[in-house]
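A look at the structure
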Amino acid sequence: MSTKLAKDSLLKLNNGKTIPVSGFGLYKTPPDVTTKLTYEALKVGYRHIDSAKIYGNEAEGAQGIANFLKDHPNVKRSDIFFTTKIWNNDHGYELTKKAIETSLERTQDIEYIDLFLIHSPKSDKERRLGTWKALQEAVSTGRVKSIGVSNYGTKHLDELYSWDGLTIKPVINQVELHPWLPRKDLQKYAEKYEFLLEAYAPITRGKKFDDPELVSIAKKHGYTPAQVLLRWSYAQGFIPLVKTVTIERIKPNFTVLDDIELDEEDYKLLDKPDSYEALAWDPTVYNDGDA
Ligand SMILES: NC(=O)c1ccc[n+]([C@@H]2O[C@H](COP(=O)([O-])OP(=O)(O)OC[C@H]3O[C@@H](n4cnc5c(N)ncnc54)[C@H](OP(=O)(O)O)[C@@H]3O)[C@@H](O)[C@H]2O)c1
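Cut-off values and rules
Residues numbered from 1 in each chain as written. Predicted model: local features only at pLDDT ≥ 70, side-chain atom pairs only at ≥ 80, totals over all residues. Heavy atoms only, no water. UniProt positions renumbered as here; feature names shortened; annotations may be inferred. Helix = DSSP H or I, 4+ residues; strand = E, 2+ residues; numbered from the N terminus. Buried < 20%, exposed > 50% of the residue type's maximum accessible area, 1.4 Å probe, protein only. Contact = heavy atoms within 4.5 Å. Polar contact = N/O pair within 3.5 Å; in protein donor to acceptor, adjacent residues only side chain to side chain. Pairing = 2+ DSSP bridges. Right-handed = clockwise from strand over helix to strand, strands pointing away. Near = heavy atom within 4 Å. Areas by Shrake-Rupley, 256 points an atom, 1.4 Å probe, with all protein chains shown as cover. Axes fitted to C-alpha atoms, helices over the stretch in contact; angles between N-to-C directions. Parallel < 35°, antiparallel > 145°, perpendicular 65-115°, else oblique. Left-handed = near helix turned anticlockwise from the far one by under 90°. Nonpolar A, V, L, I, M, F, W, Y, C, P; charged D, E, K, R; others polar.

**Considerations on the UniProt feature "active site" (unreviewed entry) in the protein**
If you check UniProt for "active site" (unreviewed entry), the listed places come out as Tyr55 in our numbering. In this structure, tyrosine 55 sits in the loop between strand S4 (48–50) and helix H2 (58–71). Given a relative accessible area of 14%, tyrosine 55 falls into the buried group. Each residue touching tyrosine 55, except ones within four places of it in the same chain, is listed here: Leu26, Tyr27, Asp50, Lys85 and His119.

**Section: the UniProt feature "site: Lowers pKa of active site Tyr" (unreviewed entry) in the protein**
Within this numbering scheme, the UniProt entry marks Lys85 as carrying the feature "site: Lowers pKa of active site Tyr" (unreviewed entry). Inspection of the secondary structure assignment puts lysine 85 in strand S5 (residues 81–86). Lysine 85 sits in the buried class, given a relative accessible area of 1%. Once residues lying within four places of it in the same chain are set aside, the contact partners of lysine 85 are Asp50, Ser51, Ala52, Lys53, Tyr55, Phe116, Leu117, His119 and Gln174. Among the polar contacts listed, one links the side chain of lysine 85 to the backbone oxygen of serine 51, at a separation of 2.9 Å.

**Comments concerning the environment of leucine 279**
Tracing the chain through its elements places leucine 279 in the segment after helix H11 (264–270). Put simply, leucine 279 and lysine 208 are 71 residues apart on the chain and 9.6 Å apart in space, counted from C-alpha to C-alpha. Aside from chain neighbours lying at most four places away, what touches leucine 279 is Glu176, His178, Thr204, Arg205, Lys207 and Lys208.

**Remarks on the pairing of strand S8 (residues 172–176)**
Counting buried positions along S8 yields five of five residues, so the element is predominantly enclosed. Note: strand S7 (residues 144–150) against S8, two bridges, orientation parallel. For valine 149, the partnering residue across the bridge sits in S8 and is asparagine 173. Tracing the backbone out of S7, into helix H5 (residues 154–161) and back to the parallel element S8 gives a crossover that is right-handed. Where S8 meets strand S9 (residues 196–200), five bridges bridge the pair, whose relative direction is parallel.

**Quick look at the site of the ligand**
Lining the immediate surroundings of the ligand are 26 residues, of which Asp50, Arg205, Thr244, Thr246 and Arg249 lie closest. Aspartate 50 places a polar side-chain atom, nitrogen or oxygen, 2.6 Å from an oxygen atom of the ligand. A distance of 3.1 Å is found between an oxygen atom of the ligand and a backbone nitrogen or oxygen belonging to alanine 201. Computed on the free molecule, the ligand has an accessible area of 910 Å², of which 87% lies beneath the protein chains in the complex. Elements supplying a minimum of two residues to the shell around the ligand: strand S10 (239–243) and helix H9 (247–254).

**Side note on the environment of glycine 142**
By secondary structure assignment, the location of glycine 142 is in the loop between helix H4 (125–141) and S7. Residues glycine 142 and tryptophan 180, 38 residues apart in the sequence, show an inter-C-alpha distance of 38 Å.

**Comments concerning the packing of helix H3 (residues 93–106) against H4**
Interaxial distance between H3 and H4 falls to 7 Å at its minimum, and their mutual angle equals 40 degrees. Taken together, the axis directions place H3 and H4 in an arrangement best described as oblique. The crossing of H3 and H4 is right-handed. Touching Tyr93, Thr96, Lys97 and Ile100 of H3 are Gly130, Thr131, Lys133, Ala134, Leu135, Glu137 and Ala138, all from H4. Class assignment of the residues belonging to the contact of H3 with H4 gives a composition of five nonpolar, three polar and three charged.

**Describing the side chain of histidine 156**
Positionally, histidine 156 belongs in helix H5. Polar contacts involving the side chain of histidine 156 include one to the main-chain carbonyl oxygen of tyrosine 286, which spans 2.9 Å. When residues no more than four places from it in sequence are discounted, the contact partners of histidine 156 are Pro121, Arg128, Asn151, Pro283, Thr284 and Tyr286.

Right, here's the structure in full:
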C-alpha cells in the first residue's frame, strides 16, 4: 500500500464506493458523550465513524454527524461514512431484518448507513447466511450502501464465498490487527477476494505501549507509541479504527498520516509475521457450538 496516503484519503471498496482511511471508533464511548465526541472528531477532520448496536451509541453517533452537517453546510452527508453492526443475538434472516430496521430508525437523522457489518461469526452456518441474505436485501433498498463482515476467520469467509445465495460480496473484514497480531492468512485472503481490512484495537488498547522495541522507535523519532502503531497500520494497507474519549488525543490520532514517517529499520522491528497475540476477543477462531 502506498506511502502517499494522507489523513483524509479515500480507499476504493470492491463495489466502487469509497471509504475514508482514518476511522474513529466508538466502542466503550459512553452514549452521553458520543454525540459531542463524534462532532469533535468530525471537526478535527475525521469522516469515518465506527459504531455498533452492542455499543449502545448508534443514535448518539448519528446525532453527532447530523449536528455537524447542520453547522457545516459545505460538508455533505456523502462525505461522511458511518458504520454499524449486527450483534450475535440478531443473527438469522428474520431477526437481522428487524435489527437493520431498528438501526436505521435509530440513525434516521443521517438517512442511510454506509456500512453494515455482521459483528462476528458467533452463531451457526444457517443463521450467519440468513443474516447475510437480509444484509444483501438491505442494500437493494438503498438505505444501506455497503455490507461486510467482522471477526471472520478464513473458514467463515470460505462458508460465505461458497454459498450459492451470495450476490453481494463483503467489502470489508473488520478484525483486531496490530504488530502482535498481523493475521497474514487474512491479509492473503483479503488480497485474493479484494476486500479491505479494518484494524480494530490498532493501538492495542495501550497494552503494548511499554514494549521495548516500540518504545525505542517512539523515542528515536519523538513520537508517541500510539502514533507509531497507527502509522504501522496504515503502512499495511489497513483502515485503523482508533477510539478515544479524550478530546486532546483526537487530533494527533487523526493526523498521523501527515505527521509521522517510520523508516525501514522501524518496520523491521515491528514485523512479527508469525505473532498471534489477540488482546481483545477473537471470534475468528470460533467453531460452531463453541461458547
Ligand atoms: N468489530 C469488533 O469486534 C471490534 C472490537 C473492538 C473494537 N472495535 C472498533 O475498533 C475501535 C478501536 O478499538 P479499541 O477501542 O478496542 O482499541 P484502541 O483504539 O486500540 O484503544 C483505545 C484505548 O486507547 C486509548 N487511547 C486512544 N488514543 C490514545 C493516544 N493517542 N495515546 C494514548 N492512549 C490512547 C483510549 O483511551 P481514552 O479513550 O481514555 O482516551 C482507549 O483506552 C473501537 O472503538 C470500535 O469502533 C471493533
